[in-house]
Amino acid sequence: MESIFQGRSLLAEKDFTKEELMYFIDFSAHLKDMKKKGIPHRYLEGKNIALLFEKASTRTRSAFTVAAIDLGAHPEYLGKSDIQIGKKESVEDTAKVLGGMFDGIEFRGFKQESAELLAEHSGVPVWNGLTDQWHPTQMIADYLTLKENFGKLEGLTLAYTGDGRNNVANSLLITGAILGVNVHIVSPESLFPDDALINLAREYASKSGSTILITEDVKNGVKGADALYADVWVSMGEEDKFQERVALLKPYQINMDMIRATGKEETILLHCLPAFHDTKTEYGKMVERDFGEIEMEVTDEAFRSKHARQFDQAENRMHSIKAIMAATLGNLFIPRV
Ligand code: CP
Ligand code: NVA
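Residues numbered from 1 in each chain as written. Chains lettered and ligands numbered in written order. Predicted model: local features only at pLDDT ≥ 70, side-chain atom pairs only at ≥ 80, totals over all residues. Heavy atoms only, no water.

Participant: Would you mind going over the site of ligand 2 with me for this structure?
Facilitator: Inspection of the region around ligand 2 gives Leu130, Asn166, Asn167, Val168, Asp231, Val232, Ser235, Met236 and Leu273 as its neighbouring residues. Here Asn166 contributes a side-chain N or O atom positioned 3.5 Å from a nitrogen atom of ligand 2. At 2.8 Å from a nitrogen atom of ligand 2 is found a side-chain nitrogen or oxygen belonging to Ser235. Burial of ligand 2 by the surrounding chains reaches 94%, relative to a free accessible area of 270 Å². (Near = heavy atom within 4 Å. Polar contact = N/O pair within 3.5 Å; in protein donor to acceptor, adjacent residues only side chain to side chain. Areas by Shrake-Rupley, 256 points an atom, 1.4 Å probe, with all protein chains shown as cover.)

Participant: What exactly am I supposed to notice about helix α9 (residues 242–249) here?
Facilitator: Residues lying three or four places apart along an α-helix face the same way, a consequence of the helix completing one turn every 3.6 residues. Here α9 has its buried residues at Phe242, Arg245, Val246 and Leu249. The buried residues of α9 occupy an angular sector of 100° when projected down its axis, which confines them to one face. More than 90 degrees from the buried face of α9, the exposed residues found are Gln243 and Ala247. Packed against the buried residues of α9 are α11 (282–291). (Buried < 20%, exposed > 50% of the residue type's maximum accessible area, 1.4 Å probe, protein only. Helix = DSSP H or I, 4+ residues; strand = E, 2+ residues; numbered from the N terminus. Arc of directions from axis to C-beta. Contact = heavy atoms within 4.5 Å.)

Participant: I tried to follow the sheet that holds strand β6 (residues 182–186) on my own but got confused; where do I start?
Facilitator: Adjacent strands of a sheet form backbone hydrogen bonds with each other and so pair up, either parallel or antiparallel. The strand order β7-β6-β5-β8-β9 describes an open sheet built from 5 strands, whose pairing is parallel. The sheet terminates laterally at β7 (212–215) and β9 (268–271), the two strands that pair on one side only. Taking each pair of neighbouring strands and ignoring which way they run, the sheet shows an average axis angle of 20°. The pairing of β6 with β7 spans 4 bridges and is classified as parallel. Residue pairing in the sheet places Val183 in a bridge with Ile212 of β7. Against the sheet, helix α5 (residues 136–150) touches β5 (157–161), β6, β8 (227–230) and β9, its axis set at about 170° to β9. (Pairing = 2+ DSSP bridges. Axes fitted to C-alpha atoms, helices over the stretch in contact; angles between N-to-C directions.)

Participant: Sorry, what's going on with the pairing of strand β3 (residues 104–108) here?
Facilitator: The side chains of a regular strand alternate between both faces of the sheet. In terms of burial, β3 is a largely internal element, 5 of the 5 residues being buried. Here β3 shows a buried face lined by Gly104, Glu106 and Arg108 and a second buried face lined by Ile105 and Phe107. Bridge count for strand β1 (residues 48–53) against β3 is 5 bridges, and the pairing is parallel. Each bridged residue has a counterpart across the sheet, and for Phe53 the counterpart in β3 is Arg108.

Participant: I would appreciate a short explanation of the nonpolar core in the present structure.
Facilitator: The tendency in soluble globular proteins is for nonpolar side chains to be buried as a group. Judged by nonpolar contacts, the single largest core of 65 residues is most densely connected at Tyr143, Leu146, Leu153, Leu158 and Met325. Filtering out sequence-adjacent residues up to four positions away, Leu158 remains in contact with Tyr143, Leu146, Leu172, Val181, Asn182, Val183, His184, Ala227, Tyr229 and Leu270. Judged by nonpolar contacts, the second largest core, of 30 residues, contains Val232, Val246, Tyr252 and Leu269. (Core = buried A, V, L, I, M, F, W, Y, C linked by side-chain atoms within 4.5 Å.)

Participant: Help me understand helix α2 (residues 59–70), please; the structure alone is not making it clear to me.
Facilitator: Over its 12 residues, α2 runs 16 Å from end to end, which matches the ideal 16 Å to within 8%, given 1.5 Å per residue. Residues Thr60, Ala63, Phe64, Ala67 and Ala68 constitute the buried set of α2. Seen end-on, α2 carries its buried residues on one side only, within an arc spanning 120°. On its buried side, α2 packs onto β1, β2 (74–79), β3, β4 (126–128), α5 and α13 (310–329). (Expected span 1.5 Å × (residues − 1).)

Participant: Help me understand the site of ligand 1, please; the structure alone is not making it clear to me.
Facilitator: Ser57, Thr58, Arg59, Thr60, Arg108, His135, Gln138, Cys272, Leu273 and Arg317 make up every residue found near ligand 1. Here Ser57 contributes a side-chain N or O atom positioned 2.6 Å from an oxygen atom of ligand 1. Contact with the protein chains hides 95% of the accessible area of ligand 1, taken as 250 Å² for the molecule alone. Grouping the amino acids of the shell around ligand 1 by side-chain chemistry returns 2 nonpolar, 5 polar and 3 charged. (Nonpolar A, V, L, I, M, F, W, Y, C, P; charged D, E, K, R; others polar.)

Participant: Explain the packing of helix α1 (residues 18–37) against helix α6 (residues 167–179) to me, please; I cannot follow it from the model alone.
Facilitator: In a pair of packed helices, the angle between the axes and the distance between the axes together describe the arrangement. The geometry of α1 relative to α6 is characterised by a closest axis approach of 9 Å and an angle of 105° between their N-to-C directions. As judged from the angle between their axes, α1 and α6 are roughly perpendicular. Each of Lys18, Leu21, Met22 and Ile25 in α1 lies in contact with α6, whose residues at this interface are Thr175, Ile178 and Leu179. Classifying every residue of the contact of α1 with α6 by side-chain character gives 5 nonpolar, 1 polar and 1 charged. (Parallel < 35°, antiparallel > 145°, perpendicular 65-115°, else oblique.)

In structure tokens, the structure reads:
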């Protein structure tokens, strides 16, 4: 009997049940423990993994690379400018070629459709390492980090502030609703999630018993939050939007006042990273020069405060991606969850 996960792709969270997502989260914690204790877990011995990147990455690329090597597999980085995809070869043809050589494919890029086409035509598991629509591997790390801090997930409240319609916001909303976490999306109305997505989240929430709040009102939106979550105001591929977003999103910046406004002493700060909390980056310098702001979605003080967990989250990317790859490709004995 083989794993209920064997051969499956992770393209979007909605393709998995609450129990399956919880399995990924708990298996990540187990693999993290094994790694810390130096216990080998080479479930993908002899396998080859393609890492296909149309967009830049530090965490996702590093996490897939280290996780694959810890699992005994060989990871191969295929950057967009190094291979034929898009320019001379369609996604479908690329999928057929890679599927004939590799045992699994990570894809980071623009269109969700590309991830779907890769899964359809490669015949091997495809793991979505971020598209314009979803960031599912990030979710396993994020909700693992929440669980590590509070010992549970159900009944917690996570407030995401900023661009409410980007990949991370979409994924947090749907995943939280499935898992029974109350999710507040706190953003200007023009950046609210799509109605279809809100409706889907509400459907999941009615089953899991969680509450979904989509609001412009910062004070109400962050009240009672066990976690405040920020992402960049301008996602990859939207770099022409700095001016508009800086003006629109300033009230949604996570700072110490916002942390206090949760009313929770133990509230944690999450951020998928990279973060604009100072002017030590090219974009940070540009925003200071052009718009006079030295911090964007999170202040440096909040980023370095006792509430901050973003670097635990970053480490958890590796453990969770390892769990996802092992469960879907490792022929493990997971007959049910
Ligand atoms: N959080 C995240 O996906 O980071 P990278 O863009 O560095 O992979
Ligand atoms: N929303 C961000 C996430 C980066 C990890 C982006 O797409 O650029």
